[in-house]
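# Reading the structure
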Amino acid sequence: METTARQEDIELVGQIAAGHEGALAEVYRRHGGPVLGLAKRLLRDPNLAEEVVQEVILRLWNNPEKFDGTRGSLRSFLLAHTHGRSIDLIRSESARRIREERDAQLAVEAGLSLEEEVWEMALADHVRQALGELDEGVRQAIELAYFGGHTYREVAELLNTPEGTIKSRIRSGLQSLNGLLTKAGLAPVS
Amino acid sequence: MSIKVDHQKFQELLGAYALHAVEDDESLIMQLHVDECSECRDELDQHLDVVSLLSSTERFAPTDLWETIADEIPDARTLNEPGAFRRHPPAASGLKSSWVVRAAALAAVLAMFSTSVIQTVRLNNVNADLAVEQSTVAALTEDLQRPPLDMAVEAALSDSEGQRVILGSQVSGSNAIIVLMSDGTGYVVEHTLQPLPADRTYQLWAIIDGKIISAGILGSNPGVVPFRIDPDGFAGFAITEESLGGVEASTNDPVVAWLDA
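Overview of the structure.

Rules of the game
Residues numbered from 1 in each chain as written. Chains lettered and ligands numbered in written order. Predicted model: local features only at pLDDT ≥ 70, side-chain atom pairs only at ≥ 80, totals over all residues. Heavy atoms only, no water. Helix = DSSP H or I, 4+ residues; strand = E, 2+ residues; numbered from the N terminus. Buried < 20%, exposed > 50% of the residue type's maximum accessible area, 1.4 Å probe, protein only. Contact = heavy atoms within 4.5 Å. Areas by Shrake-Rupley, 256 points an atom, 1.4 Å probe, with all protein chains shown as cover. Core = buried A, V, L, I, M, F, W, Y, C linked by side-chain atoms within 4.5 Å. Buried area = accessible area lost by both parts, 1.4 Å probe. Salt bridge = Lys/Arg side-chain N within 4 Å of Asp/Glu carboxyl O. Nonpolar A, V, L, I, M, F, W, Y, C, P; charged D, E, K, R; others polar. Phe/Tyr/Trp six-rings, centres within 6.5 Å; stacked < 30°, edge-to-face > 60°. Pairing = 2+ DSSP bridges. Expected span 1.5 Å × (residues − 1). Bend = angle between axes of the 7 residues up to and from the residue. Axes fitted to C-alpha atoms, helices over the stretch in contact; angles between N-to-C directions. Parallel < 35°, antiparallel > 145°, perpendicular 65-115°, else oblique.

### What about the overall build of chain B?
In terms of helices and strands, chain B carries 7 helices and 8 strands. For chain B, the proportion of its 261 residues judged to be buried stands at 39%. Summarising the internal contacts of chain B: among those between residues at least 6 apart in sequence, 53% fall at separations of at least 24. Carbon and sulfur atoms make up 53% of the accessible area of chain B, which amounts to about 14700 Å² in all.

If you want it as structure tokens, here you go:
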């Protein structure tokens, strides 16, 4: 079934490459919700989030060849672009005000409130459970990096932990999540 | 030696790179390396797939946002061209429950009362009875406040293509009911399993092509639990009791099971 979904992704993108707007509309229907949800969570600004969604979807329209169906699902491709673009906005000079406000929220003490916010997100129960099974230091590193938009160096500074340790925690944490989600029958087949 | 050390440094950064948690110069270097190294590329793809599951489960994006996107698409095919697609918001498809029809009706009703023109929503019921519309809105509002999982289960239960399976055991006397859709989506909807201690959990297994594959952790006192399997070659279900976190392969007898005769 995962193979079927992957094949559909490839066919849809092929139709987009052929100029079929309806195929792009179908991509938006299938993946627009999670893409918008991620952007809203990262940027905390619905208008900016919608702009990011526009960029991501239009990027697919303009450069469908960038999607390699042998390397992952269309959703993970779109979400990776969404996350990257959102992080760019967060880190850019033009978004300095946003970053200052977010940094104030994401101080080490507020690292705990970020954790609470993550739990409040509309995460699938099993994903939430898998995150909960990670060591606290590993989970914090991933949350601050992914949801907080911080580089691993900034995470190291926030958590007063060596950079190498943070890099290792993030990498091992993602590998652990893959194992936990595979057990729960959730991890997609790459 | 130096090449091996350098490669290790690339590997160490793969997790942070997948989370966009690296500096710009590191990002560029990692991109160049990943393009050339299949080992790192495979690991990165795995990280990205896991990361995609961390994203919100928000289900739908707004119709008016699609309109804005569609307006930016140059030279799109028009209605008059053969094989063209109409420029309307992607309609929900694949579900056969009344929920989908009622959601479309809500969109039409909201469009009628909205001050902004939603060009892409078909106003088919302009002359409908206002009292009927208002009761529809009330019912739909109640639906929208319901958890998505409840709505998905309801849709599955009312879908004629859904297969209802009853797992049982003459030994334990327990039962569990599973609804399985043709695409492999399923739900454990009811059961009489005894609650387990906090350090134990129930685990669902699917028998596919003669192999026993984990279909997910159900928890120590399961509620409604969604799961997904490959429906090709599917032959049965079993639920076992395991230690917290589950196992990759069970050595325990099923608490309840069902096999396709």
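### Let's talk about the overall build of chain A
Within chain A, the secondary structure is distributed over 10 helices and 0 strands. Listing every helix and strand of chain A by position from the N terminus yields α-α-α-α-α-α-α-α-α-α. Scored against the burial criterion, the 190 residues of chain A give a buried share of 55%. Contacts in chain A between residues far apart in sequence, at least 24 positions, make up 64% of those at least 6 positions apart.

### Regarding the nonpolar core
Here is a general trend for soluble globular proteins: nonpolar side chains tend to be buried in one another's company. Core analysis: the largest hydrophobic core is formed by 76 residues, its most contacted members being Leu60, Ile170, Leu174 and Leu177 of chain A together with Leu19 of chain B. Here this core gets 11 residues from one element, more than from any other, and that element is helix H2 (residues 21-43) of chain A. Contacts of Ile170 of chain A, omitting those with residues within four sequence positions, involve Ala141, Ile142, Ala145 and Tyr152 of chain A together with Gly15, Ala16 and Leu19 of chain B. In terms of nonpolar packing, the next biggest core, distinct from the first, is built from 23 residues, Ile178, Ile208, Leu218 and Ile239 of chain B among them.

### Quick word on the interface of chain B and chain A
Contacts between chain B and chain A engage 67 residues on the former and 66 residues on the latter. Taken over both partners, the interface formed by chain B and chain A buries close to 5900 Å², and the fraction arising from carbon and sulfur atoms is 62%. At the boundary of chain B and chain A, one finds 3 salt bridges. Its salt-bridge partner being Glu43 of chain B, residue Arg171 of chain A comes within 2.7 Å of it at the nearest N-O pair. Broken down by secondary-structure element, the contributors of at least two residues to the side of chain B that touches chain A are helix H1 (2-18), helix H2 (24-36), helix H3 (38-53), helix H4 (63-71), strand E5 (211-219) and strand E6 (225-228) of chain B. It is H3 of chain B that provides the largest number of residues to the side of chain B that touches chain A, a total of 12 residues. Residues belonging to the side of chain B that touches chain A are distributed by class as follows: 34 nonpolar, 17 polar and 16 charged.

### Topic: the pattern of salt bridges
Here the structure, examined in full by the defined rule, presents 10 salt bridges over all chains. A cluster of three or more residues bridged by salt bridges with shared partners is formed by Glu8, Glu26, Arg29 and Arg30 of chain A.

### Some words on the packing of aromatic side chains
All names here are of chain B. Considering all chains together, one arrives at 6 aromatic pairs over all chains under this definition. Relative to Phe237, the ring of Phe227 has its centre 5.6 Å away and its plane inclined at 80°; by these criteria the two rings are edge-to-face. With Phe227 in strand E6 and Phe237 in strand E7 (residues 234-243), the pair connects residues that are 10 residues apart, well separated along the chain. Comparing Phe227 with Phe237 shows no difference in burial state: the two are buried. Taken together, a centroid distance of 4.7 Å and an interplanar angle of 50° make the contact between Phe234 and Phe237 tilted. Phe234 gets classed as buried once you look at its relative accessible area, which sits at 13%. Here Phe237 falls in the buried class, since its relative accessible area comes to 0%. Here a set of aromatic residues connected by ring pairs shows up, and it is made of Phe227, Phe234, Phe237 and Trp258.

### Points about unusual backbone geometry
Despite not being glycine, Asn160 of chain A shows a phi value in the positive range, around 55°. On the basis of relative accessible area, Asn160 of chain A is assigned to the exposed category, the value being 71%. You will see that Asp209 of chain B, though not glycine, has its phi angle at about 50°, which is positive. By secondary structure assignment, the location of Asp209 of chain B is in the loop between strand E4 (200-208) and E5. Take Asp209 of chain B: its relative accessible area is 60%, and that puts it in the exposed class.

### Examining the pairing of E7 of chain B
All names here are of chain B. Counting buried residues in E7 gives 7 out of 10 residues, a clear majority hidden from the surface. Pairing analysis gives 9 bridges linking E4 to E7, with the strands arranged antiparallel. Looking across to E7, one finds that Ile207 is bridged to Gly236. Bridge count for E7 against strand E8 (residues 256-259) is 4 bridges, and the pairing is antiparallel. By the bridge assignment for E8, Phe237 is matched with Trp258.

### Focus on H2 of chain A
Residue and element names in this part refer to chain A. Taking 1.5 Å of rise per residue, 23 residues should cover 33 Å, yet H2 covers just 28 Å from first to last C-alpha, more than 12% shy of that figure. His31 marks where H2 bends most, by close to 60°; the proline Pro34 follows one to four residues later. Buried residues dominate H2, accounting for 19 of its 23 residues. Two residues or fewer after H2 comes Arg44, characterised by a positive phi angle close to 55°.

### So, the environment of Leu48 of chain A
By the secondary structure assignment, Leu48 of chain A is in helix H3 (residues 46-62). Look at Leu48 of chain A and you get buried, because its relative accessible area is 17%.

### Observations regarding the packing of helix H8 (residues 136-146) of chain A against helix H10 (residues 163-183) of chain A
Residue and element names in this part refer to chain A. At their nearest, the axes of H8 and H10 sit 8 Å apart, and the two run at 95° to each other. Relative to H10, the element H8 lies roughly perpendicular. Judged by residue contacts, Gly137, Val138, Ala141, Ile142 and Ala145 of H8 engage Ile166, Arg169, Ile170, Gly173, Leu174 and Leu177 from H10.

Just distances and angles here, no functional claims.
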